[in-house]
Amino acid sequence: MGHTLTEKIITKHLLEGKLIKGENIGIKIDQTLTQDATGTLAYLQFESMGVSKAKTELSVSYVDHNTLQTDYRNADDHRYLKSIAAKYGLYFSKPGNGICHQLHLERFSIPGKTLLGSDSHTPTCGGIGMLAIGAGGLDVAAAMAGELFYFKMPQIINMHLIGELSKFISAKDIILEILKRLDVKGAVNRILEYTGPGIKSLSVPERATITNMGTETGATTSIFPSDENTKKFLYAQQRVNDWKELKSDEDATYDGKIEMELNEIEPMIALPHSPGNVKPVKEVEGVPIDQICIGSCTNSSLRDLKIVANIFKNRKIKDDVSVTISPGSRQVVNHLIKSGEMSYLIKAGARILENACGPCIGMGQAPSTDSVSLRTFNRNFIGRSGTKSASVYLVSPETAAVSALMGKITDPRTFDHSIEITMPEKFIINDNMIVPPSSTPEKVKIIRGPNIKPLPSFPPLKDKLKGEILLKVGDNITTDHIMPAGAKILPLRSNIPAISEYVFNIIDSSFSNRALNRNGGFIVGGDNYGQGSSREHAAIAPKYLGIKAIIAKSFARIHLDNLINFGIVPLTFNNLKDYQSLDQGDIIEIDLTSLELDKVVIHNLTKNNKITTKHNLDKRSLQILKVGGKLPYIRQKQN
Ligand code: MIC
Ligand code: SF4
């Protein structure tokens, strides 16, 4: 029987468990990446593991999220990260070099290798045929320390593409169409593997747009085969030696199939406030726009900015619209300058920002009150832009550019069809903002600023947990709800006591005080609790406030791991009635004495009734929970 590409890569890296769907497996990680917003915590944890050098084939520390530097705090984080990289054998990508996923794809990705990144959009490198997975910083730190990465062997879905896209329709429209079909949790515990004749027409950066935003379906990762297009891309990056052909066998069996006729795809748009709220652009045409932001790890490649530049050429952005452009990397910028296309953007009236995440993570460019912002990004959760009352829509670069000229949401197919772009055969290579590790690591001193606080430590789990339900929420709560980002809060990523004041701030600004006053307690959640980002702050900060367990209808994959890693017990309801029976303010007692049995009884002391919940966790995860989290677990293991 033949194998899928995913199975082939996993088999090569499998060191624990069997390739059986739903079983826990442990794989070897070849490469890791971190970004600054999750990196500081990841490296504080890595330091405490007592390893003298990263054990991976390659590890890169990028700085792309917190680059505003409104005071010393971001800059101190950068300095800390640089010293860590030098000492522990990592490459360090300086702020301004570009967005981690775009850079990793360009300069480090290798088909067939495994990549673990402390950012949920790590699957971007699936576009080149890597098995690239997003995880919490602690899991990435553990991989650098030589630990395996554990996850449930996912189902593998065959995403079969046929035909070719029509003019002004691009990879973003494909993934938006997929999100329309799967919504934000349709692919949880699944890997989306792309096959079919349609993939031939997609270049690596276009494939990377699709695998990047596959994250929003809840998928563990997405992957394309490594073919002639992959070879062309690696040749252009002057890394053709990293290429090898990789594909699934003809007779591979999948757990499901989604077929897409590319010729039938039309321009798509995600409406506020969810990437899964997708409609064809033509259904919302005419909505006036205030702001357009082009960039992010989804759509900031040379191909994407070239198309925008050529749509803007000799034209003018509407007076009422502010357009920002954040290129994905310096390579992209260098090409736009060399070809003269950068001047098309500038002449049309676009605001060129730094090569970084920027507005995507609310680091500047918050839209005005009640305004409409059209973005080529991957997330439009409420408040993420920095303006809670703004309506953020997600679109392709083509739709964004044409809409900028019209001042309203516009189907790009109505535009000038003579526009063509040409891609260079070889890219300009300049890696001088990537600092290699020190050749004398013993001499490197780790520099910590005053905002970099020691990690809080947590005691082992008790048998009985008692307290108040401090908050009850509905379905699809994102990590942006739990632990918001943005220019004000991101500088606190290395300071858990300070950042914990903002937990659930968007939903209930009194949460953090209430939690501290009541000595902690519990949260009741709906379906897909913790979707979105990989930020482990959404687990460690609630833990710091004394949250002991979260009882939800279901959890998003990365967040579930993060909760376990920090010793918060994740319990799931058996039915809707039980979810309805618990209310905010109820005092409950959870009996964990028979945790192994996967039956956990919750006694509602306020209402004097009992419900039974489950956790579905393997032995390893239970052990981690019991000792108070993954850090003490690893330390115990190493001793
Ligand atoms: C995001 O897009 O939400 C982020 C910021 O890149 C996060 C990581 C973080 O919170 O630092 C992610 O997607 O994992
Ligand atoms: Fe950065 Fe936005 Fe991509 Fe997250 S989604 S890595 S914030 S560009």
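In this report, the structure presented in the accompanying data block is examined. For every chain, the first residue of the written sequence is number 1, and numbering continues from 1 along that sequence. For naming, the first written chain is A and the first written ligand is 1, with later ones following in the order written. pLDDT decides what is reported in this predicted model: residues at 70 or higher carry local features, side-chain atom pairs at 80 or more are listed and counted, and totals for whole chains, interfaces and linings draw on all residues regardless. Only hydrogens and water are set aside; all other atoms, that is, all heavy atoms of the structure, feed into the side-chain values.

### Structural notes on the overall build of the protein
Item 1. When helices and strands are tallied, the protein shows 20 helices and 27 strands.
Item 2. C-alpha atoms define the radius of gyration in this analysis, and the globule rule sets the expected value at 2.2 Å times the number of residues to the power 0.38. Relative to a compact globule of 639 residues, whose C-alpha radius of gyration would be 26 Å, the protein shows 24 Å and is just as compact.
Item 3. Expressed along its principal axes, the backbone C-alpha trace of the protein runs to roughly 70 × 55 × 55 Å.
Item 4. Counting all 639 residues of the protein, 64% fall into the buried class.
Item 5. Only the protein chains shown count as cover for residues, and the accessible areas themselves come from Shrake-Rupley with a 1.4 Å probe. With an accessible surface of roughly 22600 Å², the protein has 48% of that area assigned to carbon and sulfur atoms. The helix count covers DSSP runs of H or I at least four residues long, the strand count covers runs of E at least two residues long, and both are numbered beginning at the N terminus. Here's how the labels work: a residue is buried when its accessible area is under 20% of the maximum for its type, exposed when over 50%, partly exposed in between, all with a 1.4 Å probe on protein chains only.

### Concerning helix α7 (residues 204–214)
For the α-helix, the turn length of 3.6 residues means that residues three or four positions removed from each other point alike.
Item 1. Counting buried positions over the 11 residues of α7 gives 11, a clear majority of the element.
Item 2. Buried within α7 are the following residues: V204, P205, E206, R207, A208, T209, I210, T211, N212, M213 and G214.

### Observations concerning helix α5 (residues 137–144)
Item 1. Within α5, 8 of the 8 residues are buried, which leaves the element mostly enclosed by the surrounding structure.
Item 2. Those residues of α5 that fall on the buried side of the exposure criterion are G137, L138, D139, V140, A141, A142, A143 and M144.
Item 3. Looking one or two places after α5, you find G146, whose phi comes out positive at around 95 degrees.

### Quick look at the site of ligand 2
Item 1. The cutoff for a nearby residue is simple: one of its non-hydrogen atoms must lie within 4 Å of the molecule or strand. If you check the shell around ligand 2, you find H65, H101, D119, H121, S296, C297, C357, C360, I361, N378 and R384 and nothing else.
Item 2. Classes in brief: Ala, Val, Leu, Ile, Met, Phe, Trp, Tyr, Cys and Pro nonpolar; Asp, Glu, Lys and Arg charged; the others, Gly included, polar. For the shell around ligand 2, the per-class residue count stands at 4 nonpolar, 5 polar and 2 charged.

### Structural notes on the site of ligand 1
Item 1. The immediate surroundings of ligand 1 are formed by 14 residues, with D119, S120, R384, S534 and R535 found nearest.
Item 2. At 2.5 Å from an oxygen atom of ligand 1 is found a side-chain nitrogen or oxygen belonging to S120.
Item 3. We call two N or O atoms a polar contact when they sit within 3.5 Å, provided that within protein one can donate a hydrogen and the other can accept it, with sequence-adjacent residues counted only if both atoms are side-chain atoms. Within the side chain of R379, one N or O atom sits 2.8 Å away from an oxygen atom of ligand 1.
Item 4. Its free accessible area being 330 Å², ligand 1 has 97% of it covered by the protein chains.

### Re unusual backbone geometry
Item 1. Going from P272 to H273, the amide bond is cis rather than trans, its omega being -5 degrees.
Item 2. As for its placement among the helices and strands, H273 is situated in the loop between β13 (268–270) and β14 (278–280).
Item 3. Located in the positive-phi region is N314, a residue other than glycine, with phi close to 60 degrees.
Item 4. You can call N314 exposed: its relative accessible area is 74%.
Item 5. Its identity as a non-glycine residue notwithstanding, F504 has a phi of 60 degrees, on the positive side.
Item 6. Within the secondary structure, F504 is located in the loop between α14 (496–499) and α15 (511–517).
Item 7. With a relative accessible area of 0%, F504 lands in the buried category.

### A few points about the sheet that holds strand β1 (residues 14–16)
Strands pair in a sheet through their backbones, by hydrogen bonds, and they do so in one of two ways: parallel or antiparallel.
Item 1. We treat two strands as partners when DSSP finds at least two bridges between them. Taken in spatial order, the 3 strands make up an open sheet running β1-β2-β8, and their pairing is antiparallel. Here the strands that pair on one side only, and so sit at the sheet edges, are β1 and β8 (149–152). Across this sheet, the average inter-strand angle for adjacent strands is 45 degrees, counted without regard to direction.
Item 2. Sheet analysis places strand β2 (residues 24–27) next to β8, joined by 4 bridges and oriented antiparallel. Bridge assignment links I27 to a residue of β8, and that residue is F149. Helix axes are fitted only over the stretch in contact, all axes being lines through C-alpha atoms; the angle between N-to-C directions runs from 0 to 180 degrees.

### So, the pairing of strand β4 (residues 58–62)
Item 1. With 5 of its 5 residues buried, β4 lies for the most part within the structure.
Item 2. Burial of the side chains of β4 extends over both faces: L58, V60 and Y62 are buried on one face and S59 and S61 on the other.
Item 3. Pairing analysis gives 5 bridges linking strand β3 (residues 31–35) to β4, with the strands arranged parallel. Paired with T34 across the strands is S61, a residue of β4.
Item 4. Once you follow β3 into helix α2 (residues 36–47) and on to β4, the crossover reads as right-handed.
Item 5. Both β4 and strand β5 (residues 91–93) contribute to a ladder of 3 bridges, which runs parallel. Among the inter-strand pairings, Y62 is bridged to a residue of β5, identified as S93.
Item 6. One crossover worth recording links β4 to the parallel β5 by way of helix α3 (residues 72–88), and it is right-handed. By convention a crossover is right-handed if, when the strands point away from the viewer, the path from the first strand over the helix to the second runs clockwise.

### Some details on the side chain of H559
Item 1. One can find H559 in helix α17 (residues 557–565).
Item 2. Looking at H559, the relative accessible area reads 1%, which means it is buried.
Item 3. Apart from residues lying up to four places away in sequence, H559 is in contact with T479, I482, Y529, G530, A538 and A539. Only heavy atoms matter for contacts: two residues are in contact if any of them lie within 4.5 Å across the pair.

### Overview of the nonpolar core
Item 1. Ranked by internal contacts, the top residues of the largest apolar core, which has 100 residues, are M49, F504, F511, Y529, I551 and I590.
Item 2. Looking at this core, the element that brings in the most residues is α5, giving 6 residues.
Item 3. Those residues in contact with F511, other than ones at most four positions away along the chain, are L470, L471, V503, F504, I523, L545 and I547.
Item 4. To form a nonpolar core, buried Ala, Val, Leu, Ile, Met, Phe, Trp, Tyr and Cys residues must be joined to one another through side-chain atoms within 4.5 Å. Y62, F233, I292 and L405 belong to the second-largest nonpolar core, a separate cluster that totals 59 residues.

All we've got here are geometric facts, nothing functional implied.
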